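Next come the chains, spelled out residue by residue.
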Amino acid sequence: MFLRTSSGLRRMSSWLRGNCLNRLRWIALLVVALGGAIVFYLFAVPQLLRLRFRAGLSWYDLGAQGLGPDRNYVSFDQESPIVEITPPGAQCDPRYTFLAPRGDSVAHPGPMILDSAGELVWTKWNWGTTQDFKLQRYKGEDFLTYWQGDTDDNYGRGLWYMLDSSYNQRYVVSPVGLYDGDLHDFHITANDTALLMIYDPIVVDLTSVGGPEAGWLYDGVFQEVDLETGELLFQWRASDHYSLSDSYDPIGNTGTGRTSGYDYCHINSVDKDDQGRYLVSMRHLHTIACIDGTTGEVSWSLGGKRNDFTDASDGAATDFAWQHDARWRGPNRLSLFDNAAYTNDHPDAVSRGMIVDLDMNAQQATLAQSYNHPQGMMAVSQGNLQVLDTGNVLVGWGHSAAYTEFSPEGEVVCNVHFGASAFFTFGRVVSYRAFKFDWVGHPTSTPDTALTPESVFVSWNGATEVAAWRVEAWDGESVSNMTFSAVDQVTRSGFETEIYLVPEVTSFFQLRAIHANGDSLGVTELLQRLPASAAGGSSRTGHSWAMWTIVIIALGCLVCGVYFAVYRRRRRRSRSVGPYQLVAHKDEDEDEHHRLPL
């Protein structure tokens with residue numbers, strides 16, 4: 001009897017210990033789950049709320065091809081975006097698109113030209129940041145212009161570059177005085193002068209807005225400069241006309257140092273009309289101002305705290321915020337890009353392009369037309385609006401990797417994405433502005449090629465006039481004075497063309513770029529056909545094998561992982577009853593030694 005009681009006590013004690021351990025495990029699991037929920041709420045939820053999921057998104061917009069899909073080339077060592085064009089049968093303007101993609105999903109940021117189908121035409125990998133890439137005319141000649149520099153001090157510090165039709169750098173422009181050129185705008189006027197932008201760090205009293213008494217302010221400045229002589233023709237400074245209290249941007253912890261100045265104004269575009277009036281956009285003031293070209297005085301302010309106009313459109317003409325790219329469109333008409341937000345804390349904000357008419361006698365503003373993205377786009381920064389000579393309007397969505405062409409009435413005729421729209425708020429791919437221009441490029445470089453035993457890949461960065469590639473094979477007669485004859489001609493297909501070599505190409509050959517009128521535009525370096533047994537094969541085949549190798553290894557790891565997970569689970573179950581086995585209850589008259597634990 002004593003042995004049975006002792007055995008029962010041990011079993012009871014063991015049960016209690018096990019029960020306590022189970023409770024402690026549950027408590028530990030609850031603590032871990034609670035901690036995980038708190039971390040998820042604090043860090044994951046804000047990121048999830050930034051996602052822009054909505055009905056009707058394509059697989060492209062959902063990121064199935066990546067946040068910034070791109071295509072690689074065999075003969076060229078840079079890449080270009082894979083674009084999505086909607087709606088089906090879109091009637092896109094046939095001219096070239098000018099962008100400057102950058103962001104964490106862009107491997108080689110810099111200026112870029114695409115054709116209307118999204119095919120690469122020209123690109124240049126630049127150090128630092130490249131912005132405001134466009135075509136401008138100077139002395140009757142077309143130039144590619146852009147700003148290049150760094151933003152390490154929270155404002156642009158760089159120069160403006162001008163490239164000719166051969167992509168050679170002809171001019172480098174800087175402000176007059178001891179200033180750095182700002183990234184936002186570089187505008188060549190009809191008089192061959194340039195409007196330049198500057199962010200000037202100065203020391204001022206910031207106590208009125210909660211800053212230090214001797215604080216740092218980023219003052220918005222623009223200059224008009226004669227490009228030929230370098231003469232300063234005009235200079236204007238925002239702090240001479242607008243006070244700190246006019247700003248909508250809270251000072252926060254800025255203003256304490258030269259590299260963390262208070263950007264109360266944030267000037268981001270300057271235009272000039274044939275009457276000599278300047279049109280200035282100041283993002284943090286929510287204001288577009290007309291500046292007298294002689295006195296420098298503010299003639300009027302549209303929007304913001306000093307708005308001089310009544311709104312005939314129930315607020316729609318003057319309620320813009322954090323705007324970009326204000327341009328004259330006539331004596332009393334202007335356009336702008338209304339960002340409507342400057343952070344992702346306003347998920348309901350919708351950006352738009354705007355054209356506004358001004359009645360100067362009645363001091364009244366009317367919204368003539370609004371241009372809205374079909375997905376209700378929000379661009380927290382950057383963006384522009386270009387009125388094409390067809391009457392259509394192109395809107396670049398800045399921080400959101402898209403540009404859209406509208407009819408004059410605001411209907412979408414062509415919508416292009418070069419990033420997954422569900423993730424636009426993360427800024428993985430952006431372009432400060434987007435433009436459409438005619439362009440003829442004649443690069444002085446030789447075409448790029450890559451050989452395989454069966455074919456040759458050829459591309460020519462920036463060449464816009466190539467219609468076909470002519471294959472010219474060596475006749476085999478003289479090594480010292482090689483002569484070639486045409487054996488094949490292939491129509492150019494996009495940026496890179498793969499040409500399968502005909503049997504007549506047995507050793508040395510070259511490729512000649514042919515214009516649509518039959519003229520020769522350029523020729524590759526001397527090439528030699530690879531033997532059929534050449535190791536490595538084509539780069540495309542190598543990429544394919546690499547892809548399949550990765551897929552097979554991944555599937556093998558997955559199968560092994562599932563197998564070992566199931567195996568360990570089965571072993572755990574087989575051991576879950578512990579070292580003591582349950583036995584049938586014995587009657588009291590049984591031999592006592594049968595009750596002893598084994």
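Residues numbered from 1 in each chain as written. Predicted model: local features only at pLDDT ≥ 70, side-chain atom pairs only at ≥ 80, totals over all residues. Heavy atoms only, no water.

Participant: Lay out the overall build of the protein in plain terms, naming residues and giving numbers.
Facilitator: From N to C terminus, the protein includes two helices and 36 strands. Buried positions account for 45% of the 598 residues belonging to the protein. Partitioning the intrachain contacts of the protein with sequence separation of at least 6 by distance along the chain shows that 56% fall at a separation of at least 24. (Helix = DSSP H or I, 4+ residues; strand = E, 2+ residues; numbered from the N terminus. Buried < 20%, exposed > 50% of the residue type's maximum accessible area, 1.4 Å probe, protein only. Contact = heavy atoms within 4.5 Å.)

Participant: Describe the environment of Glu 213, and please don't skip the residues or the numbers.
Facilitator: Mapped onto the elements, Glu 213 comes out in the loop between strand 12 (193–204) and strand 13 (215–226). Taking the C-alpha atoms as reference points, Glu 213 and Val 203, separated by 10 residues in sequence, lie 9.1 Å from one another. Dropping the residues within four chain positions of it, Glu 213 is found in contact with Val 204, Asp 205, Leu 206 and Thr 207.

Participant: Lay out the nonpolar core with the relevant residues and their values.
Facilitator: Of all hydrophobic cores here, the largest spans 29 residues; its most connected members are Leu 114, Leu 120, Tyr 371, Val 395, Trp 397, Tyr 403 and Phe 418. Among the secondary structure elements, those contributing two or more residues to this core are strand 5 (112–114), strand 25 (393–396), strand 26 (402–406) and strand 27 (412–417). When residues no more than four places from it in sequence are discounted, the contact partners of Tyr 371 are Arg 352, Gly 353, Met 354, Ile 355, Leu 385, Val 393, Val 395, Trp 397, Phe 406, Ser 407, Pro 408 and Gly 410. Judged by nonpolar contacts, the second largest core, of 25 residues, contains Tyr 262, Tyr 278, Leu 285 and Ala 289. (Core = buried A, V, L, I, M, F, W, Y, C linked by side-chain atoms within 4.5 Å.)

Participant: Let's hear about the side chain of Gln 78: which residues, and what values?
Facilitator: With respect to the element layout, Gln 78 can be found in the loop between strand 1 (70–71) and strand 2 (80–81). For Gln 78, the contacting residues outside a window of four places in its chain are Tyr 73, His 108, Thr 123, Lys 124 and Trp 125.

Participant: Pulling in residues and values, what's your account of the pattern of salt bridges?
Facilitator: Scanning all chains against the criterion turns up 24 salt bridges. One salt bridge connects Asp 185 with Arg 433, and the closest N-O pair in it is separated by 3.1 Å. Of this pair, Asp 185 sits in the loop between strand 10 (169–173) and strand 11 (186–188) while Arg 433 sits in the loop between strand 27 and strand 28 (435–437), and the two are 248 residues apart along the sequence. The two residues Asp 185 and Arg 433 agree in class, both being buried. For the salt bridge of Arg 352 with Asp 319, the shortest nitrogen-to-oxygen distance reads 2.9 Å. In this pair, Arg 352 is assigned in strand 22 (residues 352–359) and Asp 319 in the loop between strand 19 (310–311) and strand 20 (324–330), connecting sequence segments 33 residues apart. Judged by relative accessible area, which is 49%, Asp 319 ranks as partly exposed. What emerges from the salt-bridge pattern is a single network uniting Asp 132, Lys 134, Asp 185, Asp 325, Arg 327 and Arg 433. (Salt bridge = Lys/Arg side-chain N within 4 Å of Asp/Glu carboxyl O.)

Participant: Give me the sheet that holds strand 13: which residues, what numbers.
Facilitator: Pairing is antiparallel in the open sheet, where four strands are placed in the order 11-12-13-14. At either margin of the open sheet sits one strand with a lone partner, and together these are strand 11 and strand 14 (232–237). Recorded for the sheet is a direction-independent mean angle of 25° between the axes of neighbouring strands. Where strand 13 lies against strand 14, five bridges are found, and the strand directions are antiparallel. Across the sheet, residue Phe 222 finds its bridge partner in strand 14, namely Trp 236. (Pairing = 2+ DSSP bridges. Axes fitted to C-alpha atoms, helices over the stretch in contact; angles between N-to-C directions.)

Participant: Just give me the short version of the state of the cysteines, but keep the residues and values in it.
Facilitator: Summed over all chains, the structure comprises one disulfide. Covalently, Cys 92 is tied to Cys 414 through a disulfide, its sulfur atoms 1.9 Å apart. The sign of the S-S torsion, about 75°, decides the handedness of the disulfide formed by Cys 92 and Cys 414: right-handed. In this pair, Cys 92 is assigned in the loop between strand 3 (84–86) and strand 4 (96–99) and Cys 414 in strand 27, connecting sequence segments 322 residues apart. No difference in accessibility class separates Cys 92 from Cys 414, as the two residues are buried. (Disulfide = S-S within 2.5 Å.)

Participant: Residue-level account of the pairing of strand 25, with values.
Facilitator: Within a regular beta strand, the side chains point alternately toward one face of the sheet and then the other, so they alternate between its two faces. Burial of strand 25 is two-sided: the residues Val 393 and Val 395 facing one way and the residues Leu 394 and Gly 396 facing the other way are all buried. Looking at chain direction, strand 24 (residues 384–387) and strand 25 are connected through four bridges and run antiparallel. Each residue of the ladder has a partner; that of Gln 386, found in strand 25, is Leu 394. Counting the residues that bridge the hairpin from strand 24 to strand 25 gives five residues, and of these Gly 391 lies at a positive phi of roughly 100°. Relative to strand 26, strand 25 runs antiparallel, the two sharing four bridges. Bridging from a neighbouring strand, Gly 396 pairs with Tyr 403 of strand 26. Between the antiparallel neighbours strand 25 and strand 26 lie five residues, among them Gly 398 with a positive phi of about 60°.

Participant: Account for the sheet that holds strand 6 (residues 120–123), naming residues and giving values.
Facilitator: Strand pairing in a sheet relies on backbone hydrogen bonds. The paired strands run either parallel or antiparallel. Ordered in space as 6-5-4-28, the four strands form an open sheet in which the pairing is antiparallel. Looking at which strands have only one partner, the edges of the open sheet turn out to be strand 6 and strand 28. Averaged over all pairs of adjacent strands, the angle between their axes in this sheet comes to 25°, without regard to strand direction.

Participant: Give me the lowdown on the confidence of the model for the protein, citing residues and values where you can.
Facilitator: Low pLDDT marks stretches whose predicted atomic positions should not be read closely. Confidence in the prediction of the protein, expressed as mean pLDDT, is 88, and 85% of residues score 70 or more. Between residues 537–543, whose pLDDT stays under 50, and residues either more than four places distant or in other chains, the model counts four contacts. (pLDDT = per-residue confidence, 0-100.)

Participant: Explain the pairing of strand 8 (residues 141–150) residue by residue, including any values.
Facilitator: Buried residues dominate strand 8, accounting for seven of its 10 residues. Linkage of strand 7 (residues 129–138) to strand 8, two consecutive antiparallel strands, is achieved through a turn of two residues, within which Lys 139 is found at a positive phi near 55°. Of the pairings in the sheet, the one linking strand 8 to strand 9 (residues 157–163) comprises seven bridges and is antiparallel in character. Bridge pairing in strand 9 links Thr 145 to Met 162. Linking strand 8 back to strand 9 in an antiparallel pair, the connection comprises six residues, with Asn 154 at a positive phi of about 70°.

Participant: Can you lay out the side chain of Asp 273 for me, pointing to particular residues and giving the numbers?
Facilitator: Within the element layout of this structure, Asp 273 appears in the loop between strand 15 (267–272) and strand 16 (278–282). Of the residues examined, Asp 273 reaches a relative accessible area of 14% and is grouped as buried. Separated by 2.8 Å, the side chain of Asp 273 and the backbone nitrogen of Arg 277 make a polar contact. (Polar contact = N/O pair within 3.5 Å; in protein donor to acceptor, adjacent residues only side chain to side chain.)

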